[in-house]
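# Results of the structural survey
Spelled out from the first residue to the last, the chains are:
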Amino acid sequence: MNDSPVDPDAATEIADVLRLSQELALRYIDSLDKRDIGVATDHQTLHAALGKPLSDEPLPPQQVIEELFEAADPGVVATSAGRFFGFVEGGVLPAALGADWLASTWDQNPAFYVLSPAAATAEEVVSQWLLDLLRLPAEASVGFTTGAQLANVAGLAAGRHHVLKAVGWDVEADGLQGAPPVTVVVGEERHATIGRALRFLGLGERNVTVIPADAQGRLDPSALASALRDVDGPLIVCAQAGNVNTGAFDPFQEIAELCHESDGWMHVDGAFGLWAAASPRLRHLTSGVELADSWAVDAHKWLNVPYDSAIVACAHPDSHRSALALHAPYLIRHTDALRDGSDWTPESSRRARVFAIWAALRSLGRKGVVSMIETCCEHAESFAAQLATHPEIDILNDVVLNQVLVRMGDDDERTRQTARRVQEQGRSWLADTVWHGKAAIRISVSDHATTAADVTEAVRTIISAAEQQL
Ligand SMILES: Cc1ncc(COP(=O)(O)O)c(C=O)c1O
């Protein structure tokens, strides 16, 4: 039998590796204030540094960690710095980071209660906390996923089960071949992950009824009413809390009424926008969202936990579990009273990412969650107000949440070049997008670490970059 490649004095080895990892992690965190957000290296250099031949012999773990840090760090984008405004990327709260380290140390698998009573119970508790904070029905079921992508898959899988069961079809057993057709209705401005979820579920990305959206990207309820007039049979309607460009919210109350009049299932993609429900000041944006049948929301975006972490919630636990639960004779089950996490998510084995959510919520408390969400939105308002004072800069959206769309001199090229130049300067980071066929810069404030000074500095950088493009 081969000897283990791990040092016989494993405890000392692990302690040394963890101490070294902590030192390197702190070195990285200390660098966040000063370092360029983007990377100063190229793919070839990174490949040369990381792409050494795989050795035949084991290497000491400390050497491996040192090598990894030296090789990868130059290629790390500082997305958790307060000066990063690209995509919709959250930062990392200290308690969440610590809990994530513990989750890896414990190496727990929350697929089944028997594998980790601690993770299963934490999932149960965190589910209730989240439903309460997001003002969703307390009896809803919750699954923990890698991101809103899989939360969308899970919510729509539950919907597919529910609407087909209502017409006597068992989609899990019999698939979609020969099934009664399901009408899927989406807004024109749905996120790309809705299309991919429909693809995974055999419903088809193109085989949808698309409802036009208004200037902010909100689904038009009168067009939905007309579209649903002719629908007979299984129906799923996808709505959105937080458009990825504008931050706008669909009119949930009207959508829910129309969808449920036709016995449809309403799914809400609320990857970041659903967090508005936690804030008394912003809650009006999500009015009626609680009437939906399923919801997807990320934790790694606006709750500022490390990747990868999201939840799906479902108002019909039976449909949720029927669509997703795993069955095999060797799987040890407990009673329904104890949570088997794999019943509620498309995954089987997975990390206990719930511990980071637990720690984030405990460390923030209700007031901290509200303050983090509202402060990000105030920074977004400040971005818009400061940039709008420039005669050649237009703000394209109503800034209702944490997203700001900016355009320079009604000029696509100048707008794109401005974004590029800001990225090259390294102090702030934002990306360009396309909104209604025109180039725009998309600013997203989603990090607890962002300060008013970060915003003012980014505004100055954007204006100076825009002026260089004249
Ligand atoms: C509205 C919306 N839905 C879904 C997603 C996908 O989220 P994830 O990347 O966490 O899967 C995003 C990501 O930006 C989003 O903004």
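Our subject in this report is the structure included herewith.

What the protein contains, in helices and strands, is 14 helices and 11 strands. Rg of the C-alpha trace for the protein: 24 Å, near the compact-globule value of 23 Å for 470 residues, within the 12% margin. Across its three principal axes, the protein shows a C-alpha extent of roughly 70 × 65 × 45 Å. In the protein, of all internal contacts separated by at least 6 residues, the share reaching a separation of at least 24 is 75%.

Another aspect to go through is helix 13 (residues 412-425). Along an α-helix, residues three or four positions apart point the same way, because every turn accommodates 3.6 residues. Here helix 13 spans 20 Å end to end across 14 residues, near enough to the 20 Å set by a 1.5 Å rise per residue. What helix 13 keeps buried is the set Thr415, Thr418, Ala419 and Val422. Angularly, the buried residues of helix 13 cover 95° about the axis, an arc narrow enough to put them on a single face. For helix 13, the exposed residues set more than 90 degrees away from the buried face come down to Glu413 and Glu424. A positive backbone phi angle near 85° is found at Gly426, which sits one or two residues after helix 13.

This part is about the pairing of strand 9 (residues 403-408). When you tally the buried positions in strand 9, you get 6 out of 6 residues, the bulk of the element. Neither face of strand 9 is exposed, since Gln403, Leu405 and Arg407 on one face and Val404, Val406 and Met408 on the opposite face are all buried. Of the strand pairs in this sheet, strand 8 (residues 393-395) and strand 9 are connected by 3 bridges, and their pairing is antiparallel. Bridge pairing in strand 9 links Asp394 to Arg407. Where strand 9 meets strand 11 (residues 438-444), 4 bridges bridge the pair, whose relative direction is antiparallel.

For the rest of this paragraph, the subject is the nonpolar core. Soluble, globular proteins show a tendency: their nonpolar side chains are buried together. Ile255, Val297, Ile311, Ile357, Ala360 and Ile373 are the most contacted members of the largest nonpolar core, which totals 137 residues. Tallying contributions element by element places helix 12 (residues 354-388) first for this core, with 18 residues. Ignoring anything within four residues of it in the chain, the contact list for Ile373 reads Trp275, Ala276, Ala278, Ser279, Leu282 and Trp302.

Our next topic: the packing of helix 1 (residues 10-31) against helix 3 (residues 61-72). Axis separation between helix 1 and helix 3 bottoms out at 9 Å; the angle between their running directions is 15°. Between helix 1 and helix 3, the angle falls in the class roughly parallel. Crossing geometry of helix 1 relative to helix 3 is assigned as right-handed. Between helix 1, through Glu13, Asp16, Val17, Leu20, Ser21 and Leu24, and helix 3, the contact on the second element is made entirely by Pro61, Gln62, Ile65, Glu66 and Phe69. Looking at the contact of helix 1 with helix 3, its residues break down into 6 nonpolar, 2 polar and 3 charged.

The antiparallel open sheet is built from 4 strands, whose spatial order is 8-9-11-10. In this open sheet, the two edge strands, each paired with only one partner strand, are strand 8 and strand 10 (431-435). Direction aside, neighbouring strands of the sheet carry axes that sit 40° apart on average. The pairing of strand 10 with strand 11 spans 5 bridges and is antiparallel. Each bridged residue has a counterpart across the sheet, and for Val434 the counterpart in strand 11 is Ala439.

Among the secondary structure elements, Gly155 is positioned in helix 6 (residues 148-165). On the basis of neighbour count, Gly155 is assigned to the buried category, with 32 C-beta atoms found within 10 Å. Spatially, the C-alpha atom of Gly155 lies 22 Å from that of Asp220, the residues being 65 residues apart in sequence. Once you skip the residues sitting within four places of it in the chain, Gly155 turns out to touch His267, Ser294, Trp295, Ala296, Val312 and Cys314.

The rules we used
- Sequence order as written defines the numbering, with residues in each chain counted from 1.
- Thresholds applied to this predicted model are a pLDDT of at least 70 for local features of residues and 80 or more for the giving and counting of side-chain atom pairs; totals over whole chains, interfaces and linings are not thresholded and use all residues.
- Under the scheme used here, helices are H or I runs from DSSP no shorter than 4 residues and strands are E runs no shorter than 2 residues, and both carry numbers assigned from the N terminus.
- Throughout, the radius of gyration refers to the C-alpha atoms, and the reference size of a globule is 2.2 Å times the residue count to the power 0.38.
- Contacts here follow a simple rule: the backbone-placed C-beta atoms of the two residues must lie within 7 Å.
- A helix is expected to span 1.5 Å multiplied by its residue count minus one.
- With C-beta atoms placed from the backbone, a residue counts as buried when 20 or more other C-beta atoms lie within 10 Å of its own, as exposed when 12 or fewer do, and as partly exposed for counts between those limits.
- Comment: arc refers to directions from the helix axis out to C-beta atoms.
- Pairs of strands are assigned from DSSP output, requiring at least two bridges between the strands.
- To form a nonpolar core, buried Ala, Val, Leu, Ile, Met, Phe, Trp, Tyr and Cys residues must be joined through C-beta atoms within 7 Å.
- Every angle, taken between N-to-C directions, lies between 0 and 180 degrees, and every axis is a line fitted to C-alpha atoms, over only the stretch in contact when it is a helix.
- In what follows, roughly perpendicular refers to angles from 65 to 115 degrees, roughly parallel to angles under 35, roughly antiparallel to angles over 145, and oblique to any angle outside these ranges.
- Here is the rule for handedness: rotate from the far helix to the near one, and if that takes an anticlockwise turn smaller than a right angle the crossing is left-handed, while a clockwise turn gives right-handed.
- For this classification, the nonpolar set comprises Ala, Val, Leu, Ile, Met, Phe, Trp, Tyr, Cys and Pro, the charged set comprises Asp, Glu, Lys and Arg, and every other residue, Gly included, is treated as polar.

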